[in-house]
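As a plain string of letters, each chain reads:
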Amino acid sequence: MFSDVAANLLVIISTPELIGLSMLGVGLGIVLGCLPGISSTMSLAILLPITYSMSPEAAMVFLIGVFSSSVYGGSVSAILLNIPGTPGAIVTQLDGYPMARQGKAGEALTYALLASTFGGALGLVLLLVISPLLAAAAMNFRSPEFAAATVFGLTMLAYAAPGSTFKGLMAGLVGLICGMVGFDTVTDVPRFTFGSPALDSGIDLVPLTVGLFGLSEILRNIELGSARTTAVATIGRLMPPLSKILPMWKPMVRGSGIGAVVGAIPAAGSAISVAVSYAQEQRLSKTPERFGKGAPEGIVAPEAANNAGVGGSLIPMMTLGIPGDSMTAILMGALLLHGLRPGPALFAEHPEFIAAVYVALFLALVFTAIFGLAFIRQIVRLMRLPGNVLMVLVALLCIVGAFAIRNNITDVYVMIAFGFIGLVMGRIGIPIAPVAFGLILGPILEENMRRTLILSGGDWSAFVTRPIAAALLAVSLAAVLYPMLSALRRKRRAKT
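Here's a quick rundown of the structure.

Cut-offs applied
Residues numbered from 1 in each chain as written. Predicted model: local features only at pLDDT ≥ 70, side-chain atom pairs only at ≥ 80, totals over all residues. Heavy atoms only, no water. Helix = DSSP H or I, 4+ residues; strand = E, 2+ residues; numbered from the N terminus. Buried < 20%, exposed > 50% of the residue type's maximum accessible area, 1.4 Å probe, protein only. Contact = heavy atoms within 4.5 Å. Areas by Shrake-Rupley, 256 points an atom, 1.4 Å probe, with all protein chains shown as cover. Phe/Tyr/Trp six-rings, centres within 6.5 Å; stacked < 30°, edge-to-face > 60°. Expected span 1.5 Å × (residues − 1). Bend = angle between axes of the 7 residues up to and from the residue. Patch = residues over 30% accessible without salt bridge, like charges linked within 9 Å, V, L, I, M, F, W, Y side chains within 5 Å. Salt bridge = Lys/Arg side-chain N within 4 Å of Asp/Glu carboxyl O. Core = buried A, V, L, I, M, F, W, Y, C linked by side-chain atoms within 4.5 Å. Polar contact = N/O pair within 3.5 Å; in protein donor to acceptor, adjacent residues only side chain to side chain.

## Brief notes about the overall build of the chain
Here is step 1: The number of helices and strands found in the chain is 19 helices and 2 strands.
Here is step 2: The buried share of the chain, reckoned over its 496 residues, is 55%.
Here is step 3: Excluding contacts between residues fewer than 6 apart, the proportion of contacts in the chain whose partners are at least 24 apart in sequence is 78%.
Here is step 4: Carbon together with sulfur atoms contributes 70% to the accessible area of the chain, which is approximately 20,700 Å² in total.

## Things to note about the packing of aromatic side chains
Here is step 1: The full count for this structure, using the stated rule, is 3 aromatic pairs.
Here is step 2: Plain terms: the ring middles of Phe367 and Phe371 are 6.2 Å apart, the flat faces sit at 35° to each other, and that makes the pair tilted. Note that Phe367 and Phe371 are positioned in helix α15 (residues 351-381) at a spacing of 4 residues, about one turn of the helix.

## Focus on helix α18 (residues 433-455)
Here is step 1: Across its 23 residues, α18 extends 33 Å between first and last C-alpha, which sits within 8% of the 33 Å expected from 1.5 Å per residue.
Here is step 2: The largest bend along α18 reaches roughly 40° and is located at Leu441, with the proline Pro443 sitting one to four residues downstream.

## A look at unusual backbone geometry
Here is step 1: Unusually for a residue other than glycine, Phe192 sits at a positive phi of about 55°.
Here is step 2: You can call Phe192 partly exposed: its relative accessible area is 40%.

## Structural notes on helix α13 (residues 326-337)
Here is step 1: Here α13 spans 17 Å end to end across 12 residues, near enough to the 16 Å set by a 1.5 Å rise per residue.
Here is step 2: Taking burial as the measure, the 12 residues of α13 include 10 buried ones, the bulk of the element.
Here is step 3: Within the sequence span of α13, burial applies to Ser326, Met327, Thr328, Ala329, Ile330, Leu331, Met332, Gly333, Ala334 and Leu335.
Here is step 4: Where α13 ends, the next residue or the one after it, Gly339, has phi of about 80°, a positive value.

## Quick word on a nonpolar patch on the surface
Here is step 1: On the surface, a nonpolar cluster with roughly 460 Å² of combined accessible area is contributed by Leu122, Val125, Val129, Ile130, Leu133 and Leu134.
Here is step 2: Secondary-structure assignment places Ile130 in helix α5 (residues 92-138).

## Some thoughts on the nonpolar core
Here is step 1: Counting residues in hydrophobic clusters, the biggest one holds 84 residues, and the most contacted among them are Met60, Leu208 and Met318.
Here is step 2: Residues in contact with Met318, not counting those within four places in the same chain, are Leu127, Pro342, Gly343, Pro344, Phe347, Ile354, Val357 and Tyr358.
Here is step 3: Counting residues in each nonpolar core, the second largest holds 32 residues, with Met99, Ala100, Ala105 and Leu113 among its members.

## Structural notes on the environment of Ser68
Here is step 1: Its place among the elements puts Ser68 in helix α4 (residues 56-80).
Here is step 2: With 38 residues separating them along the chain, Ser68 and Ile30 place their C-alpha atoms 8.8 Å apart.

## Some thoughts on the side chain of Ser476
Here is step 1: You can see Ser476 is positioned in helix α19 (residues 467-495).
Here is step 2: Taking relative accessible area as the criterion, Ser476 reaches 3% and is therefore assigned buried.
Here is step 3: Within the structure, Ser476 has its side chain in polar contact with the backbone oxygen of Leu472 (distance 2.8 Å).
Here is step 4: Discounting residues that sit within four places of it in the chain, Ser476 has contacts with Val151, Phe152 and Thr155.

Here you go:
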């Protein structure tokens, strides 16, 4: 595998188009990530249609550049505006913004950049080491295991999603139903089309994700108004003294380790890893009272964890075909658009593509570090764009992106519909990410479930007689029952 990575690194470096795509992806990722109201997921969703005409390798080089750099970009607005550009930057603002208010905004941005680069590198190493081993083990999976793994992924997402686990499961069920729209692949009978020929070909992933993550966010910003916090006026010097940088290696290592491990857990998300890493540093610090007042460790640890999770979240997506979070769900959708199904077979059938993914993440880290140091002052100026102008530009990208996939106006209507659905779901506290997960994993679940039942003669016990499938289903059941049992226990305690 390492020889394949080296060979692909030479191929990509010698191909100006791929280098240019990586640089473009990184530049767009940093810019979109630092703009309030545009998350990493939204950035990937609105830029995914651009990759439709690219080769699979070129698409991954571009999208991973956007993915990795937008995670760092979220820290820019967290530090300068006290508004996290991405969910993983929520903790960064606790010490980043106070540090910026002290006239050390440039130093805070550099701490975030160094931690992001270090964490991303450790996540890449983990991806290189763990993915082939897990893929080799998953080669023993058969239809019952893949069906159980899909159920496990959907359940973990519902469990980890904010709010009620039951609401998360309902959202995932909506996504499963959306994945069934169109002609049945076995019986060739139309399902859930309501007699509309426009739905015979099913609901495409791109308009759904662009609507849920892109248009719904625009509508939410319009509903809340265009008020924006004023950015810190002066950046100051960028490079902190070396005597202050060197002691940061311990928080970087601890945060990176936490982020990589938590990121590899399906649906755990960056919010968990950054919160754990921040709490860990505050607990280990000899001066915990500095946290929340501009402590560099409060920036370094969560940013290292946030970016280490990029490599970690790619592990379940590439090896098991289960998205690690909403961002890798869109990356998985990009692979499906290009005729590649993530999973253990991908390692055996397309090792050159796997190596290209590793190289793409390496280049994204390198270019993020270069752009962050060289152009951060220019990037910060973009944050002063009027909010209404920004939202109009993003809305146009959503419409063009939804239409360009199949040149079908129906996809634009689908995108608009899911934009309003996402807005309503946000109002009533239902997470939207499980809908996209359900659309992606639904056909995989249906295919493997039906194959298992056909081979077993309709015997449902086939899913629990194989140890791995039974264990995954048991963990999924426990994740569903645990919140219910906890709620009952709290009610009993309240009565007594």
